[in-house]
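Report on the structure
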Amino acid sequence: MAINWFPGHMAKARNQVQEKLKQVDVVLEIVDARTPEASRNPMMNQIVGQKPRIMVLNKQDLADPEITKEWVAYYKGLGYEAIAIDAQHAKRLNQIPQLAKKLMAAKIAKQKARGIKNPAIRAMCIGIPNVGKSTILNRLIKKNVAVTGNRPGVTKNQQWLKADESFFLLDTPGILWPKFEDELIGKKLALTGAIADSVYQEDIVGMYGLQFFRENYTENFRRAYGLNADDLALSDADLMVHLAKKNGFADNYNRMAERIIFDARQGKFGRYTLEKPEATDDTDTE
Ligand SMILES: Nc1nc2c(ncn2[C@@H]2O[C@H](COP(=O)(O)OP(=O)(O)OP(=O)(O)O)[C@@H](O)[C@H]2O)c(=O)[nH]1
Ligand SMILES: [Mg+2]
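In this text, all values refer to a predicted model and were calculated from it rather than measured experimentally.

Comments concerning the site of ligand 1
- In the vicinity of ligand 1 there are 23 residues, among which Ala87, Lys133, Thr135, Gly153 and Val154 approach most closely.
- One of the backbone nitrogen or oxygen atoms of Gly149 is found 3.0 Å away from an oxygen atom of ligand 1.
- No other element matches the 3 residues that helix H6 (residues 133–141) contributes to the shell around ligand 1.
- The class makeup of the residues in the shell around ligand 1 is 6 nonpolar, 12 polar and 5 charged.

Here is the structure:
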């Protein structure tokens, strides 16, 4: 599944991030807790450099809680602050300004010593499309100013938002990288809705979902589709055929594949995480 997709506004967005970085104290790197590594832009380490960074694993409510804990520990081990949140239901968000203040403590103390009464922190929110950047910012400023939507590419321009007199936040458009070198990354991002439906093949992504859920969340998958032990003994391809029939799609397997993608996004197979920390490293590849 070759996805070669780098719209003009993404290139512009990357340059804008680099430009604005000079005015920013802290970077909030937002990832999807279901795909904490696949939903990181591999260019991000180069773009952000040594700026203090908080890894924010958002959509925690959709992810496997045990694996989320492993990811938070993993990122802390790499030297970042890390936190898992659920912006949709406003869970644990107030820890973000607290962590930002902690990271900036030395600078704030210096500024206070110079007579600045209320030193401001400027944080920039970055990440790939649809991970929830704008939703997080709306929660932090307690107003729905940033436009949000459940499809990639909603935010088109940067925008400064004010949480309070001492905390300013910059919303940015999601940035995807030019090519997915790794087909598996493309499948994960397609399944969770980070890339537009028009740029992947649903039969491939749906089959990936079938394989992943039957293997890793077997009981949830079995229950969601009312499968018995004989069904689960079928090969992946035969199971897809069986499911298509059972769901009234006759031999239209693409429609069954689409259904699996839809159900995965709706949480019909419960909370899940598509990757574990031990299988990844932190090398920067462009
Ligand atoms: N379940 C769940 N959904 C969330 C959470 N945070 C955001 N969403 C939903 O995810 C979708 C995308 O949110 P946005 O805030 O628009 O994402 P974004 O990162 O700003 O996306 P772009 O502007 O396209 O880069 C919306 O439908 C949100 O309601 C969360 O913590 N849990
Ligand atoms: Mg946005």
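A short note on the domain arrangement of the chain
- Along its sequence, the chain is carved into domain 1 (8–179) and domain 2 (183–266).
- On a C-alpha basis, the centres of domain 1 and domain 2 stand 32 Å from each other.
- Counting from both sides, the interface comprises 13 residues of domain 1 and, opposite them, 9 residues of domain 2.
- For the domain 1 and domain 2 pair, buried surface summed over both sides reaches about 860 Å², with 65% attributable to carbon and sulfur atoms.
- Interface area lost by domain 1 to domain 2 is led by Arg34, Ala38 and Pro152, which between them contribute 41%.
- Between the two partners, domain 1 and domain 2, sit 0 salt bridges.

Focus: unusual backbone geometry
- Of note, the phi angle at Ala90 is positive, near 55°, even though the residue is not glycine.
- Assignment of secondary structure puts Ala90 in the loop between strand E3 (81–84) and helix H4 (95–103).
- One non-glycine residue, Asn130, lies in positive phi territory at about 70°.
- The topology assignment puts Asn130 in the loop between strand E4 (121–126) and H6.
- A residue is classified by how much of its surface remains accessible, and Asn130, at 12% relative accessible area, is buried.

With respect to the layout of surface pockets
- Roughly 820 Å³ of volume is contained in the largest pocket.
- If you trace the largest pocket, you find 38 residues lining it, with Lys59, Asn130, Gly149, Asn150 and Arg151 closest to the centre.
- Residue assignment for the lining of the largest pocket shows that the elements contributing at least two residues are H6 and helix H12 (253–266).
- Sort the elements by how many residues they give to the lining of the largest pocket and H12 lands first, with 5 residues.
- A per-class count over the lining of the largest pocket returns 12 nonpolar, 16 polar and 10 charged.

A closer look at the nonpolar core
- Counting 85 residues, the largest nonpolar core has Leu28, Val56, Ile136, Phe213 and Phe221 as the members making the most contacts within it.
- Both of domain 1 (8–179) and domain 2 (183–266) provide at least three residues apiece to this core.
- Setting aside residues up to four positions removed in sequence, Leu28 forms contacts with Ile54, Val56, Ile96, Ala123, Met124, Cys125, Ile126 and Leu169.

Topic: the coordination of the magnesium ion (ligand 2)
- Taken together, the protein ligands of the magnesium ion (ligand 2) are Ser134 (OG) and Thr155 (OG1), with distances of 1.9 to 2.2 Å. Of this pair, Ser134 sits in helix H6 while Thr155 sits in the loop between H6 and strand E5 (159–164), and the two are 21 residues apart along the sequence. Here Ser134 and Thr155 have matching classes, each one buried.

Details of the packing of aromatic side chains
- Tallied over the entire structure, the rule returns 12 aromatic pairs.
- Seen from their ring centres, Tyr208 and Phe212 are 6.2 Å apart, and the 35° between their planes marks the pair as tilted. You can see Tyr208 and its partner Phe212 sitting in helix H8 (residues 202–216), 4 residues apart, about one turn around the helix. In this pair, the class of Tyr208 matches that of Phe212, namely buried.
- Ring pairing ties together the aromatic residues Tyr208, Phe212, Phe213, Tyr217, Phe221, Tyr225, Phe269 and Tyr272, which thus form one cluster.

Focus: the side chain of Ser134
- Look at Ser134 and you get buried, because its relative accessible area is 8%.
- Once residues lying within four places of it in the same chain are set aside, the contact partners of Ser134 are Ala146, Val147, Thr148, Thr155 and Asp171.

Quick look at the sheet that holds E3
- If you trace the 6 strands from one edge of the open sheet to the other, you get E3-E2-E1-E4-E6-E5, paired in mixed fashion. Edge strands, defined here as strands with exactly one partner in the open sheet, are E3 and E5. Adjacent strand axes in the sheet meet at a mean angle of 25°, parallel and antiparallel pairs treated alike.
- Here strand E1 (residues 26–32) pairs with strand E2 (residues 53–58) via 6 bridges, running parallel. Its bridge partner being in E2, Asp32 is matched across the sheet by Asn58.
- Across the face of the sheet, helix H3 (residues 65–77) comes into contact with E2 and E3 while running at roughly 165° to E3.

Cut-offs and rules
- Residues numbered from 1 in each chain as written.
- Chains lettered and ligands numbered in written order.
- Predicted model: local features only at pLDDT ≥ 70, side-chain atom pairs only at ≥ 80, totals over all residues.
- Heavy atoms only, no water.
- Near = heavy atom within 4 Å.
- Polar contact = N/O pair within 3.5 Å; in protein donor to acceptor, adjacent residues only side chain to side chain.
- Helix = DSSP H or I, 4+ residues; strand = E, 2+ residues; numbered from the N terminus.
- Nonpolar A, V, L, I, M, F, W, Y, C, P; charged D, E, K, R; others polar.
- Domains from an automatic or database assignment.
- Contact = heavy atoms within 4.5 Å.
- Buried area = accessible area lost by both parts, 1.4 Å probe.
- Salt bridge = Lys/Arg side-chain N within 4 Å of Asp/Glu carboxyl O.
- Buried < 20%, exposed > 50% of the residue type's maximum accessible area, 1.4 Å probe, protein only.
- 1 Å grid on protein atoms, 1.4 Å probe; cavity = no way out; pocket = protein on both sides within 12 Å on 5 of 7 lines; lining within 4 Å.
- Points joined across faces, edges and corners; volume = space filled by probe spheres on them.
- Core = buried A, V, L, I, M, F, W, Y, C linked by side-chain atoms within 4.5 Å.
- Donors = N, O, S within 2.8 Å, 3.2 Å for Na, K, Ca; no water.
- Phe/Tyr/Trp six-rings, centres within 6.5 Å; stacked < 30°, edge-to-face > 60°.
- Pairing = 2+ DSSP bridges.
- Axes fitted to C-alpha atoms, helices over the stretch in contact; angles between N-to-C directions.

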